[in-house]
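Secondary and tertiary structure notes
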Amino acid sequence: MKTLKISFVFLMLITNLYTMNAQKISALNSTTEFADVPGRKIAYRSIGQGMPIILVNRFRGTLDTWDPLFLDQLAENYRVITFDYSGIGYSTGTLPTDLKEVAQDVKDLADFLKIKKTIIMGWSYGGLVTQVATLLFDDLITQTVLLGTGPPGERVVPLGQAFLDAALKPVNDFDDEIVLFFEPSSEASKIEAKASHDRIAKRIDVSKIPSTMDVFQLYFQGSAGLAEDKDDFKGKLKTTKTPILIICGDNDISFAVENWYPLTQQLPTAQLIVFPQTGHAPHHQHVNLVVNYIHAFLENSK
């Protein structure tokens, strides 16, 4: 009996230590791992437990450029997986110029991790990739979240010149970040910009961020292909059964929310949320509220 009690206590200690270690894994200390997939290695990080969410990144984004508070709050309810595109950041290979091939990174990573079903979430350029992946891999993807992005096809409102002036610099400073991702005319937005910048700065390797026009052009060619939309992805969005949540700022100079308005009555599974006095990164400015909206959507659209 005494031996049984000792064994039980030992088991509880081991369990508690394991739980404590699991709880310590966060966006700031998670391990960068590599998925060996055909022709390249995809760098990824994983935190949290539960239904997986694969996050698909913005133009010039890397594993380091997501706000860690946003990732950690998502990870309270889900397994959050971030990755770098082929040829970007910590990954090897070359970024394809066809978004169907870029979307293959999502499928290959899911296969490597033996994920049969996943939520997918894309920001900006990553939102374009996410829409393509959603329509190509509907047996894999259960729900879709789109952040600061637009639909396939020609834009109603083009890219703002202020975005191009800042986004194409080899290195961006904090002032550029305010213009690119927040609302410069709002003091509240600028305060949140500084808080998000400081959180991201705790774990960032600037040398991994794409900085040359040669790489920028790979992104642009992919976006241009979806604007031309020879595969009619816009038409396919109108018939998809996958639940879609779209979250935008009201002053996004990269992907203006107005680009969604012609489609709002034609997308049977899509919901649109617009934040006031908010730019291209609503999930970095309104972390708590965006995470709550995402969680409510995912829980109620299963």
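In this text, all values refer to a predicted model and were calculated from it rather than measured experimentally. Sequence positions are assigned chain by chain, starting from 1 and proceeding in written order. At least 70 in pLDDT is required for a residue's local features to be given in this predicted model, at least 80 for side-chain atom pairs to be given and counted, and no such filter applies to totals for whole chains, interfaces and linings, which use all residues. Working from all heavy atoms in the structure, the side-chain values ignore hydrogens and water.

Labels follow the DSSP assignment, with helices taken as runs of H or I lasting at least four residues and strands as runs of E lasting at least two, numbered in each case from the N terminus. Along the backbone of the protein there are 11 helices and 8 strands. In this description the radius of gyration comes from C-alpha coordinates, and the expected globular size is given by 2.2 Å times residues to the power 0.38. By the compact-globule yardstick of 19 Å for 302 residues, the protein fits well, its C-alpha radius of gyration being 20 Å. Along the first, second and third principal axes, the C-alpha set of the protein runs to 75 × 40 × 40 Å. Summary of the burial criterion: residues with accessible area below 20% of their type's maximum are buried, those above 50% are exposed, and those between are partly exposed, where the area comes from a 1.4 Å probe applied to protein chains only. For the protein, the residues scored as buried account for 50% of the 302 residues in total. Whether two residues are in contact is decided by their heavy atoms: any pair within 4.5 Å suffices. Looking at the protein alone, contacts between residues at least 24 apart form 74% of all its contacts between residues at least 6 apart. Surface exposure of the protein reaches about 14,100 Å², of which carbon and sulfur atoms provide 56%. Just so you know, the count uses Lys and Arg for positive and Asp and Glu for negative, and it drops His and the chain ends. To locate a charge, take NZ of a lysine, CZ of an arginine, CG of an aspartate or CD of a glutamate. Side chains of the protein give 28 positive and 34 negative charges; the mean places of these two sets differ by 9 Å. Computed with a 1.4 Å probe, the accessible areas rest on the Shrake-Rupley method; for each residue, only the protein chains presented here act as cover.

Let us now look at helix H11 (residues 287–300). Along an α-helix, residues three or four apart share an orientation, since each turn contains 3.6 residues. An expected span of 1.5 Å times one less than the residue number is assigned to each helix. A rise of 1.5 Å per residue sets the reference length of H11, with its 14 residues, at 20 Å; its end C-alpha atoms lie 20 Å apart and thus fit the reference within 8%. Among all positions in H11, only Val287, Val290, Val291, Ile294, Phe297 and Leu298 are buried. Down the axis of H11, the buried side of the element spans an arc of 130 degrees, and every buried residue falls inside it. Read the arc as the range of directions from the helix axis to the C-beta atoms.

What follows is about the sheet that holds strand E8 (residues 270–275). Should DSSP find at least two bridges between two strands, the strands are regarded as paired. Spatial strand order, E1-E2-E4-E3-E5-E6-E7-E8: 8 strands in an open sheet with mixed pairing. Either end of the sheet is taken by a strand with one partner, and the two such strands are strand E1 (33–37) and E8. On average, each strand axis in the sheet is tilted by 25 degrees relative to the strand beside it, whichever way the strands run. The pairing of strand E2 (residues 40–47) with strand E4 (residues 79–83) spans 4 bridges and is classified as antiparallel. Paired with isoleucine 47 across the strands is valine 80, a residue of E4. The angle between two axes is taken between their N-to-C directions and runs from 0 to 180 degrees, where each axis is a line fitted to C-alpha atoms and a helix contributes only its stretch in contact. Lying on the sheet, helix H4 (residues 125–136) is in contact with strand E3 (52–56), strand E5 (118–123) and strand E6 (141–147); it crosses E5 at an angle near 145 degrees. Its contacts with the sheet place H11 against E3, E5, E6, strand E7 (244–249) and E8, and it is angled at close to 155 degrees to E6.

Axis angle and axis distance: for two packed helices, these are the angle between their axes and the distance between the axes, and together they describe the pair. Helix H8 (residues 213–228) packs onto H4 with a crossing angle of 50 degrees between their chain directions and a minimal axis gap of 11 Å. Here H4 is positioned oblique relative to H8, judged by the angle of their axes. The handedness of the crossing between H4 and H8 comes out as left-handed. For the pair H4 and H8, contact is made by Tyr125, Leu128 and Val132 and by Tyr219, Ser223 and Leu226, respectively. By the definition adopted for this analysis, an angle is roughly parallel if under 35 degrees, roughly antiparallel if over 145, roughly perpendicular if from 65 to 115, and oblique otherwise. Crossing handedness is read from the near helix: turned anticlockwise from the far helix by less than a right angle, it gives a left-handed crossing, and turned clockwise, a right-handed one.

Centre-to-centre distance and the angle between the planes together describe a pair of aromatic rings. Note on aromatic pairs: the rings of Phe, Tyr and Trp (six-membered ring only in Trp) are paired at centre separations within 6.5 Å, and the planes decide the class, stacked below 30 degrees, edge-to-face beyond 60, tilted for the rest. All told, the structure shown has 10 aromatic pairs when counted by the stated rule. Plain terms: the ring middles of tyrosine 44 and phenylalanine 112 are 6.4 Å apart, the flat faces sit at 65 degrees to each other, and that makes the pair edge-to-face. With tyrosine 44 in strand E2 and phenylalanine 112 in helix H3 (residues 99–112), this pair connects stretches of sequence that are 68 residues apart. Looking at tyrosine 44, the relative accessible area reads 5%, which means it is buried.

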